[in-house]
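Below are the chains, spelled out letter by letter.
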Amino acid sequence: MRVGRIGVAIAAVAVLASACGGVGNDDPGSSGATGATGATGIEHPTGADQVILRTAYEGGFVAYEYTLATTPFWSLFGDGTLIVPGPQIEIYPGPALPNLIATPVSEEGIQAILEAARDARLMDGDANYGDQCIADAATTVFTTDADGQTSVVSAYALDVGEPAGTCGNGKDADARAKLAAFQAMLTDLQSWLPDGSLGTERPYDPTEMRVYVLPYQGDPELKQDPIEWPLDGSLDAFGEPIDGAPTDTRCGVVAGAELATLLAAAQDANGLTPWTSDGSEHQLIFRPLLPDEHTC
């Protein structure tokens, strides 16, 4: 996944931008119980919209449009649903709709993951390992809600070095090595979780979608067929402006029947498809919302 991410960043027109969209629950009124199976288990949220453990990349020298479309690298929810980016087709322009995969994880598997997270010191409270060993790298952010507290642990340039996590002058070397090793474990759960911990993968079907509207740039060498905006109202007035954006950008959330209509229209769209509305062309960026996300 790191290779694919770096490849997209290099292929894009690089500008310095921070990641857009939170890594935590943006719905303070969200409901869900807290608990664990077994008297010796690590306590954790059990709601389908509550994050137990999340890994996300923030910042880095990547294109602004890339940050808008990016979802967290790894998200485990209280009901045992794991959501990660799925395989990406290697064509340009790529599909407009991101590919996300959902996998059920048993309580036994959740407990094994939390034990590994505890060994990696992700349940010891907030920490920041910001060794500036290289310019313009991303920061890996681990958010863990377990054992009665939420801990946010950040590590700059964790993917850099050989082995990973060793970039820098040795400061916090042990902590960074533990984080890098844990991150690698998250990409290979089948090899170490108890048998039967993982269910069958399926495409993640969001119930809400962020839609970003930008001025259309396109590529004169790759002309694309336009698609008419299928929902009521003009794209010029869709959503709300994003303050401080490097280019004119609006964002709105689509759900319900409108989302079904939009998804049907976007099935054959790609990243360079012009979307027309009231005679004007726009670029749209689609960002599926995860169960704990509900806003722009």
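Residues numbered from 1 in each chain as written. Predicted model: local features only at pLDDT ≥ 70, side-chain atom pairs only at ≥ 80, totals over all residues. Heavy atoms only, no water.

A. Representation of the overall build of the chain within the structure. When helices and strands are counted, the chain shows five helices and 18 strands. Taking all 296 residues of the chain together, the buried fraction comes to 45%. Long-range pairs, those at least 24 residues apart, make up 72% of the contacts in the chain between residues at least 6 apart in sequence. Summed over all atoms, the accessible surface of the chain reaches about 14,300 Å², with 51% contributed by carbon and sulfur. (Helix = DSSP H or I, 4+ residues; strand = E, 2+ residues; numbered from the N terminus. Buried < 20%, exposed > 50% of the residue type's maximum accessible area, 1.4 Å probe, protein only. Contact = heavy atoms within 4.5 Å. Areas by Shrake-Rupley, 256 points an atom, 1.4 Å probe, with all protein chains shown as cover.)

B. Quick peek at the sheet that holds strand S10 (residues 139–146). The mixed open sheet is built from eight strands, whose spatial order is S9-S11-S10-S4-S6-S7-S8-S12. Of all the strands in the sheet, the pair left with one neighbour each is strand S9 (127–129) and strand S12 (202–203). Pairing analysis gives two bridges linking strand S6 (residues 74–77) to strand S7 (residues 81–85), with the strands arranged antiparallel. Counterpart to Ser-75 in the pairing with S7 is Ile-83. Against the sheet, helix H4 (residues 173–186) makes contact with strand S4 (51–58), S6, S9, S10 and strand S11 (149–156), and its axis sits at roughly 105° relative to S4, the strand it touches most. (Pairing = 2+ DSSP bridges. Axes fitted to C-alpha atoms, helices over the stretch in contact; angles between N-to-C directions.)

C. Structural view of the packing of aromatic side chains. This structure, assessed with the given rule, holds four aromatic pairs. Arranged with centres 6.2 Å apart and planes meeting at 55°, the rings of Phe-142 and Phe-182 form a pair that is tilted. Of the two residues, Phe-142 is situated in strand S10 and Phe-182 in helix H4; the sequence distance between them amounts to 40 residues. Of the two residues, Phe-142 and Phe-182, both sit in the buried class. Consider the rings of Trp-275 and Phe-286, whose centres lie 5.8 Å apart with planes at 70°: the pair is edge-to-face. Remark: Phe-286 occurs in strand S18 (residues 280–288) and Trp-275 occurs in strand S17 (residues 275–277); sequence separation between them is eleven residues. For the pair shown, Trp-275 and Phe-286 are each scored as buried. (Phe/Tyr/Trp six-rings, centres within 6.5 Å; stacked < 30°, edge-to-face > 60°.)

D. Region of the structure containing the nonpolar core. Trp-74, Leu-76, Ile-113, Leu-122, Leu-179 and Phe-182 are the most contacted members of the largest nonpolar core, which totals 34 residues. For this core, the elements supplying multiple residues, two or more each, are S4, S6, S7, helix H3 (107–119), S10, S11 and H4. With six residues, the single largest contributor to this core is H3. In this structure, Ile-227, Leu-235, Val-254 and Leu-259 belong to the second largest nonpolar core, which totals 18 residues. (Core = buried A, V, L, I, M, F, W, Y, C linked by side-chain atoms within 4.5 Å.)

E. Up close: the side chain of Glu-293. In this structure, Glu-293 sits in the segment after S18. Judged by its relative accessible area of 1%, Glu-293 is buried. A polar side-chain atom of Glu-293 sits 2.8 Å from a polar atom in the side chain of Arg-287. (Polar contact = N/O pair within 3.5 Å; in protein donor to acceptor, adjacent residues only side chain to side chain.)

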